[in-house]
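Take a look at the letters that make up each chain.
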Amino acid sequence: MALSDPVLLRQLPRIEKIIRDETWYEGERRGCAVRPDDPVVRENVCQVILRVGALLRQETSAELA
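Numbering of residues starts from 1 in every chain and runs along the sequence as written. In keeping with the model being predicted, local features are shown solely for residues with a pLDDT of at least 70 and side-chain atom pairs are shown and tallied solely at 80 or more, while totals for entire chains, interfaces and linings include all residues. Heavy atoms from the whole structure form the basis of all side-chain values; hydrogens and water molecules are not counted.

A. Expanded view of the nonpolar core. Residues enter a nonpolar core if they are buried and are Ala, Val, Leu, Ile, Met, Phe, Trp, Tyr or Cys, with the set joined through side-chain atoms within 4.5 Å. Only protein chains enter the accessibility calculation, which uses a 1.4 Å probe. A residue is then buried if its area is under 20% of the maximum for its type, exposed if over 50%, and partly exposed in between. Judged by nonpolar contacts, I18, V34, V41, V45 and V48 together constitute the single largest core of five residues. Ranked by the residues each element gives to this core, the list is headed by helix α2 (residues 39-64), at three residues. Contact between two residues is taken to exist if any of their heavy atoms lie within 4.5 Å; hydrogens are not considered. The residues contacting V45, other than those within four sequence positions of it, are I18, I19 and E22. Only runs of H or I of at least four residues qualify as helices and only runs of E of at least two qualify as strands under DSSP, and these elements are numbered from the N terminus.

Listed below in structure tokens is the structure:
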């Protein structure tokens, strides 16, 4: 997949952090390690991105300006 959107490229580290955080949170909830591709983790990541995605894009766009 070719990523030509410079804003998206700059957002990737933040998205990766969200994935790491949600993986850790779910592991804490369950009391055992979980993988980042766990269905619950994926759902939680999607919910976070839907909730903060517009703000994340605005902040990243402003950084590029």
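B. Seen up close, the packing of aromatic side chains. Stacked, edge-to-face and tilted are the three classes for Phe, Tyr and Trp ring pairs, Trp counted by its six-membered ring, which pair at centre distances within 6.5 Å; planes under 30 degrees apart are stacked, over 60 edge-to-face, the rest tilted. Evaluation of the coordinates by the stated rule reveals one aromatic pair. Where W24 meets Y25, the ring centres are 5.5 Å apart and the plane angle is 65°; that geometry is what we call edge-to-face.

C. Main features of α2. The principal kink in α2, of about 60°, is found at V52. Every buried residue belonging to α2 is among V41, N44, V45, V48, G53, L56 and T60, and all of these are buried. Elements in contact with the buried residues of α2: α1 (6-30). Think of a polar contact as two N or O atoms within 3.5 Å of one another; within protein, one of them needs to be a possible hydrogen donor and the other a possible acceptor, and neighboring residues in sequence only count if both atoms come from side chains. Where α2 begins, one side-chain oxygen reaches toward the backbone nitrogen of V40, 2.9 Å away; that side chain belongs to D38. Throughout, bend refers to the angle between the axes fitted to the seven residues that end at a position and the seven residues that start at it.

D. Focus on the pattern of salt bridges. Each salt bridge in this description consists of a side-chain nitrogen of Lys or Arg and a carboxyl oxygen of Asp or Glu lying within 4 Å of one another. Tallied over the full model, the rule gives nine salt bridges. Note that D5 and R57 form a salt bridge whose closest N and O atoms lie 3.0 Å from each other. With a gap of 52 residues between them, D5 in the segment before α1 and R57 in helix α2 connect regions that are remote in the sequence. R57 gets classed as partly exposed once you look at its relative accessible area, which sits at 36%. Put simply, E26 and R29 hold a salt bridge, and the shortest N to O gap is 3.0 Å. With a gap of three residues between them, E26 and R29 both fall in helix α1, about one helical turn apart. Among the residues examined, E26 registers a relative accessible area of 7% and is labelled buried. A single network of salt bridges, built from pairs that share partners, joins R10, R14, E59 and E63.

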